Amino acid sequence: MRNLLCTAALWAICLVPVSQGFGEDLGRKTVTQWAPYGEWSLNNPTWEGNPFDVVAWVTFRHEDSAETRRTQMFFDGDNTWKFRFCGTRLGRWTFTTSSDDQDLHGHRGSVVVTHNPSRTVRGFITHQGNRFARQTTSPDELEGFLPNTYMNEKTFGNPQGAGWIDIMPTLTDPKMFAAYMDEVVAHGCNGVFVHVNNQWFKAHVASHDGHDSENPDPETFRALERAIAAAHQRGLYVHVWAWGDEARKWTPIGVGGINGEPDRRVQRYIAARLAPLPGWVMGYGFDLKEWVSEEQIGSWAKYLHEHMGWRHLLWARELKHPELDAVSYPSYAVRGYQQIVKDLDSDKKRPHLYEERHTYLRNNALDMDGTRRFRWHMALAGGMMGFWGHYPTSYQPDRPYPQPQQLRTHAQFWQNHSRFLDLERANDLTDGLAMKTPDNKLFVFYKEETDSILMDLSALPTKGKAVAVDTTKPYDEIDLGLLEPGKQSLRLPRQSDWAIAVVAISGAR
């Protein structure tokens, strides 16, 4: 009898379908580094309960470095669960799945990451100390950059404004979103602003009293991931505001509460669907002290960090919980250079941003000259992130920047002199403002309303090639020739606001 029972048990095991816990080999995929992501689909007809609450993890392991990435699957309708992968390191990765749902458990496979054919595609936005940075050839190789977000609430035939209340018209129309990105670049910015609100739960709906959904809306996520991928391919990033304020009911308070069960579903969905896409950052919203606590913000950020297989920078305007990745400032103010320095130096372990929107002529404060100079001061102080653009007519007249080429000049200058992670403040070398690299091979000087500038180039190891840029004009590098090491007064072509770069010439004597 015992032998019969054992034989019957063995036959029962053999008859269990592969998908019922034993898993299957999903084969091998090939993806290029950073983008586009790899995606797998699994059929799961036996799920029970709310499909957005089904938990299934996937662990990826890089064979050469043993780096691991752990991400979750997400429900995509029609008994389908998917999971995604972004290749951060070249070479072969293997993966396995684990879940209490047997149809999603025990699967395995591999993915090979090859070089991306685009030389301009970058990895995830991160930071080095209090400087923003992007990954280049690997997660360990970083380059500095100056993030500047742009918004326009009244554009492209979208009555709710591009990316403001209803994100769908702009994000779902490729031509409209391309035009939005064109406007971002035309204003010397690299960040596209998107405000989601309750569209996490219901596309086209901003407030929590406008819907009865408690689950993520895949339509919204499809629009977001298309926009993020398009921006990333172009070298831009997407700056997401998750929520707004409770006065407009642009919060999760009416949908199970802050960090309640429906909110957690959205957070897991963000982590599973969007985290494998490089090129986005997220602020929690605005007027935060009116409706959310420091503890709740910390819980939100911690939960997302625990579920995202690829980390994205998270912050919350005016709140500074240690779980947040960056320090975000709330108030609209035209800060001077010294105040920007003070803000940056207040926390040297995290990057900083003025997330209150310093839009054109808001409160009649920032005109064209003020905007341009503010942006230069933010860069020369060490790299404060900015937020620019237009308010709708209900807040101020629709007055576009009259000279956006000045903002493009700022962006082009720093792109051409890109060792930003290495630059340090060196104002003792000039009668204006200055930065230099520790090896003294790159100096940047800046001075306003002048036709001359004092520069101490005593530390320059060789002769240096000098170029000047009039920051009030379209970008044009004026060749100033080769400069000798030492202290000197440099004459400039005319009275204006000037930026000068001096680069040591290899092999020069």
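Residues numbered from 1 in each chain as written. Predicted model: local features only at pLDDT ≥ 70, side-chain atom pairs only at ≥ 80, totals over all residues. Heavy atoms only, no water.

Undergrad: What exactly am I supposed to notice about the environment of Gly-256 here?
TA: As for its placement among the helices and strands, Gly-256 is situated in the loop between β14 (237-241) and α5 (261-274). When its relative accessible area of 53% is taken as the criterion, Gly-256 is described as exposed. For the pair Gly-256 and Leu-482, spaced 226 residues apart in the sequence, the C-alpha separation amounts to 66 Å. (Helix = DSSP H or I, 4+ residues; strand = E, 2+ residues; numbered from the N terminus. Buried < 20%, exposed > 50% of the residue type's maximum accessible area, 1.4 Å probe, protein only.)

Undergrad: I'm lost on the sheet that holds strand β25 (residues 487-504) in this one. Help?
TA: Within a beta sheet, neighbouring strands are joined by backbone hydrogen bonds and run either parallel or antiparallel to one another. If you walk across this open sheet you meet the six strands as β20-β21-β22-β25-β23-β24, and the pairing is antiparallel. Pairing within the sheet leaves two strands with one partner each, and these edge strands are β20 (424-425) and β24 (477-483). Along the sheet, helix α8 (residues 368-380) contacts β20, β21 (433-436), β22 (442-456) and β25; its crossing angle with β22, the most-contacted strand, is approximately 155°. (Pairing = 2+ DSSP bridges. Contact = heavy atoms within 4.5 Å. Axes fitted to C-alpha atoms, helices over the stretch in contact; angles between N-to-C directions.)

Undergrad: Honestly, the confidence of the model for the protein chain in this entry has me stumped. Any pointers?
TA: Note that predicted coordinates carrying low pLDDT should not be read in detail. Per-chain confidence: the protein chain averages 92 in pLDDT, with 92% of residues scoring 70 or above. Segment residues 1-21: pLDDT under 50, and 11 contacts once partners within four positions in sequence are set aside and those in other chains are kept. (pLDDT = per-residue confidence, 0-100.)

Undergrad: Explanation requested: the sheet that holds strand β5 (residues 74-75) in the structure shown.
TA: Read across the sheet, three strands follow the order β2-β6-β5 without closing on themselves; strand pairing throughout is antiparallel. At either margin of the open sheet sits one strand with a lone partner, and together these are β2 (38-43) and β5.

Undergrad: Is there a simple way to explain the pattern of salt bridges in this structure?
TA: Between side chains of opposite charge, a pair can form when the charged atoms approach closely. The full count for this structure, using the stated rule, is 39 salt bridges. Arg-372 is paired through a salt bridge with Asp-369; the nearest N and O atoms lie 2.9 Å apart. Of the two residues, Arg-372 and Asp-369 both sit in helix α8, three residues apart, roughly one turn of that helix. On the basis of relative accessible area, Arg-372 is assigned to the buried category, the value being 2%. Between Lys-465 and Asp-479 there is a salt bridge, with its nearest N and O atoms 3.5 Å apart. On the criterion of sequence distance, the pair formed by Lys-465 in strand β23 (residues 464-470) and Asp-479 in strand β24 is long-range, its members being 14 residues apart. For Lys-465, a relative accessible area of 37% puts it in the partly exposed group. On the accessibility criterion, Asp-479 (52% relative accessible area) is exposed. Through salt bridges that share partners, Glu-39, Asp-76, Lys-82, Arg-84, Glu-225 and Arg-273 make up one connected network. (Salt bridge = Lys/Arg side-chain N within 4 Å of Asp/Glu carboxyl O.)

Undergrad: Explain the side chain of Thr-136 to me, please; I cannot follow it from the model alone.
TA: By secondary structure assignment, the location of Thr-136 is in the loop between β10 (131-135) and β11 (142-144). Accessibility expressed as a relative area gives 17% for Thr-136, which makes it buried.

Undergrad: Help me out: how do you make sense of the packing of α8 against helix α9 (residues 405-416) in this one?
TA: In helix packing, the relevant descriptors are the interaxial angle and the interaxial distance, both defined with respect to the helix axes. Two numbers describe how α8 lies on α9: the axes approach to 10 Å, and their chain directions differ by 15°. It follows that α8 is roughly parallel to α9 by the angle criterion. Crossing angle aside, the handedness with which α8 passes α9 is right-handed. Counted together, Met-368, Thr-371, Arg-372, Arg-375, Trp-376, Ala-379 and Leu-380 of α8 and Gln-406, Leu-407, His-410, Phe-413 and Trp-414 of α9 form the full contact between these two elements. Considered class by class, the residues forming the contact of α8 with α9 number seven nonpolar, three polar and two charged. (Parallel < 35°, antiparallel > 145°, perpendicular 65-115°, else oblique. Left-handed = near helix turned anticlockwise from the far one by under 90°. Nonpolar A, V, L, I, M, F, W, Y, C, P; charged D, E, K, R; others polar.)

Undergrad: Hey, could you run me through the packing of aromatic side chains in this one?
TA: In this description, an aromatic ring pair is defined by two values, namely the gap between the centres and the angle between the planes. Under the defined criterion, the tally for this structure stands at 39 aromatic pairs. Plain terms: the ring middles of Trp-40 and Phe-60 are 5.8 Å apart, the flat faces sit at 50° to each other, and that makes the pair tilted. You can see Trp-40 sitting in strand β2 and its partner Phe-60 sitting in strand β3 (residues 56-62), a full 20 residues away along the chain. By relative accessible area, Phe-60 is classed as buried at 0%. Judged by centre distance (5.4 Å) and plane angle (45°), the rings of Trp-200 and Phe-221 are tilted. A residue pair is termed long-range when its members are at least 10 positions apart, and Trp-200 in the loop between β13 (191-195) and α4 (218-233) and Phe-221 in helix α4 qualify at 21 residues. In this structure Trp-200 comes out as buried when scored by relative accessible area, which is 1%. Given a relative accessible area of 0%, Phe-221 falls into the buried group. A connected cluster of aromatic rings, assembled from ring pairs, spans Trp-47, Phe-52, Phe-74, Phe-75, Trp-81, Trp-200, Phe-221 and Tyr-269. If you follow Arg-134 out to its NZ or CZ, it ends over the ring of Phe-145, 4.6 Å from the centre. Its guanidinium or amino end placed over the ring of Phe-286, Arg-357 lies 5.9 Å from that ring's centre, counting from NZ or CZ. (Phe/Tyr/Trp six-rings, centres within 6.5 Å; stacked < 30°, edge-to-face > 60°. Lys NZ or Arg CZ within 6 Å of the ring centre and 35° of its normal.)

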